[in-house]
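Structural characterization, general
Single-letter residue listing:
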Amino acid sequence: MDSLDRQLVHALGVDGRASFSRIGAALDRSDRTIAHRYRQLHAAGLRVVGVVNARRAGQVDWLVRIRCAPDAAATVATALSRRDDTSWVAILSGGTEITCITRIRTGDDHLLLQRLARTPRINDVTAHCMLRELAGVGGWPVRVSTLTPDQIDAIRPPTTETGPVGELTDADWALVGALAIDGRTTYPRLAAVTGWSESTVRRRLADLLADGILYFDIDIDPALFGYGCQAIIWLTVQPAALNAIAQTLAGHLEIAFAAATTGSSNIVAFVVVRDLDDLYDYLADRIGGLPGVLQVDTAPMGRQVKYAGRTV
């Protein structure tokens, strides 16, 4: 990726549905050039996806750890990736572990866990409720660090008058479901999916974004930025140190996402570094010396099977 590619990724992080002409004007490039670069990046795996804020929608996110036989990992991970209620499905630890984030409505039974517990070749399943996001809410910092403040202002969508969101309807869920597959789905296509007019789709989408129920994220392999090593770390932290550790992690460029969870390990963090040597240095120099960290459990990521969005 060159500097223009990085700028384009950052621009889509500012507004996932920004037109190529608006991005081109901010970057002093033609809309044809921006469209061409977008198609190249899309072919390499870039996706803009709509993501529902679980808390705002009356849902709860759970981090699930699944220990299984190595020959079953790929099959189980693929099956999990096809579910609409899962995201961030990854195979870890040389194929002996899978993690995913699953979402359920507040008060509902965790049916996925019940099914996993009965699945052959799965040895152990644990689930940890994600209490609060601590870092990485705006995305992995490295991918959104190339634009100037003026360029960001030029790309950021204009403020529009919005109305109350109210209870989400079946049409709303159809709308966010289509955007979870492709956040840049055209308005005519979204109108066909929801049964609304294009003007209604535009207005409802603006309402959902303004209310914070929906936001746009970027799915992209960090290897395209030259970062070839990812890992998940589970930290056991003294409760009194949670806020201080959270503030520290939020300032680390290596942290793609971190959250406080239930369980014996009360913070989970997704780490992105260049290689295993960098991972060692990060654990030894940046994490190991933090006051209040009692234990660190590290699992290198072998393959990311699913990112934030839905699969087709």
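Residues numbered from 1 in each chain as written. Predicted model: local features only at pLDDT ≥ 70, side-chain atom pairs only at ≥ 80, totals over all residues. Heavy atoms only, no water.

In the nomenclature of an unreviewed UniProt entry, the protein corresponds to DNA-binding Lrp family transcriptional regulator from the organism Kutzneria kofuensis.

**Let's talk about the packing of helix α8 (residues 187–194) against helix α9 (residues 198–210)**
Put simply, α8 and α9 touch, their axes get as near as 9 Å, and they point 95° apart. The orientation of α8 relative to α9 falls into the category roughly perpendicular. Across the interface between the two elements, Tyr187, Pro188, Leu190, Ala191 and Thr194 of α8 pack against Glu198, Val201, Arg202 and Leu205 of α9. (Axes fitted to C-alpha atoms, helices over the stretch in contact; angles between N-to-C directions. Helix = DSSP H or I, 4+ residues; strand = E, 2+ residues; numbered from the N terminus. Parallel < 35°, antiparallel > 145°, perpendicular 65-115°, else oblique. Contact = heavy atoms within 4.5 Å.)

**Some details on the UniProt feature "domain: HTH asnC-type" (unreviewed entry) in the protein**
Using the residue numbers shown here, the UniProt feature "domain: HTH asnC-type" (unreviewed entry) corresponds to residues 168–228. The span residues 168–228 is 54% helix and 10% strand, and its two end C-alpha atoms sit 39 Å from each other. (UniProt positions renumbered as here; feature names shortened; annotations may be inferred.)

**What about α9?**
Look at α9: 18 Å from first C-alpha to last across 13 residues, which is about the 18 Å you get at 1.5 Å a residue. Along α9, the residues that are buried comprise Val201, Arg204, Leu205, Asp207 and Leu208. Here the buried residues of α9 occupy an arc of 160° about the axis, which is enough to place them on one side. Among the structural elements, α7 (170–181), α8 and β6 (214–219) are those in contact with the buried residues of α9. Positive backbone phi, at 80°, marks Gly212, one or two positions downstream of α9. (Expected span 1.5 Å × (residues − 1). Buried < 20%, exposed > 50% of the residue type's maximum accessible area, 1.4 Å probe, protein only. Arc of directions from axis to C-beta.)

**Re the packing of aromatic side chains**
Counting across every chain of the model gives five aromatic pairs. Both rings, one in Trp88 and one in Tyr307, keep their centres 5.7 Å apart while their planes meet at 75°; by these two values the pair is edge-to-face. Here Trp88 is found in strand β3 (residues 86–92), whereas its partner Tyr307 is found in the segment after β10 (293–306), with 219 residues between them in sequence. Through a chain of ring-to-ring contacts, the aromatic side chains of Trp140, Phe225 and Tyr227 assemble into a single cluster. (Phe/Tyr/Trp six-rings, centres within 6.5 Å; stacked < 30°, edge-to-face > 60°.)

**A look at the pattern of salt bridges**
Scanning all chains against the criterion turns up 15 salt bridges. With a closest N to O distance of 3.4 Å, Arg65 and Asp297 form a salt bridge. With a gap of 232 residues between them, Arg65 in strand β2 (residues 59–68) and Asp297 in strand β10 connect regions that are remote in the sequence. The exposure class of Arg65 is buried, given its relative accessible area of 7%. Given a relative accessible area of 28%, Asp297 falls into the partly exposed group. For Asp153, the salt bridge is made with Arg156, and the minimal N-O distance between the two is 2.9 Å. (Salt bridge = Lys/Arg side-chain N within 4 Å of Asp/Glu carboxyl O.)

**Quick word on the nonpolar core**
In terms of nonpolar packing, the biggest core is built from 55 residues, with Leu12, Ile23 and Leu208 touching the most fellow members. The dominant element in this core, judged by the number of residues it contributes, is helix α1 (residues 3–14), at five residues. When residues no more than four places from it in sequence are discounted, the contact partners of Leu12 are Ile23, Tyr38, Leu46, Val48, Arg184 and Ile218. Counting residues in hydrophobic clusters, the runner-up holds 23 residues, among them Ile245, Leu249, Ala260 and Val271. (Core = buried A, V, L, I, M, F, W, Y, C linked by side-chain atoms within 4.5 Å.)

**A few points about the sheet that holds β2**
Within the closed barrel, the eight strands sit side by side as β2-β4-β3-β10-β7-β9-β8-β5. Their pairing is antiparallel. Strand-to-strand twist of the sheet, defined as the mean angle between neighbouring strand axes without regard to direction, takes the value 35°. Across four bridges, the pairing between strand β5 (residues 122–135) and strand β8 (residues 255–261) is antiparallel. Bridge pairing in β8 links Glu133 to Ala259. (Pairing = 2+ DSSP bridges.)

**Brief notes about helix α3 (residues 31–43)**
Over its 13 residues, α3 runs 18 Å from end to end, which matches the ideal 18 Å to within 8%, given 1.5 Å per residue. All of the buried residues along α3 are Ile34, Ala35, Arg37, Tyr38 and Leu41. All buried residues of α3 project into a common sector of 165° when viewed along the axis, lining one side. Set apart from the buried face of α3 by more than 90 degrees, the exposed residues are Arg32, Arg39 and Ala43. Positive phi shows up at Gly45, right after α3, with a value of about 120°.

**Structural notes on the pairing of strand β7 (residues 229–237)**
Side chains on a regular strand alternate between the two faces of the sheet. Among the nine residues in β7, nine count as buried, and that is most of the element. The alternating pattern of β7 places Cys229, Ala231, Ile233, Leu235 and Val237 and Gln230, Ile232, Trp234 and Thr236 on opposite faces, both of which are buried. Of the strand pairs in this sheet, β7 and strand β9 (residues 267–273) are connected by seven bridges, and their pairing is antiparallel. Of the residues in β9, the one forming a bridge with Trp234 is Val268.

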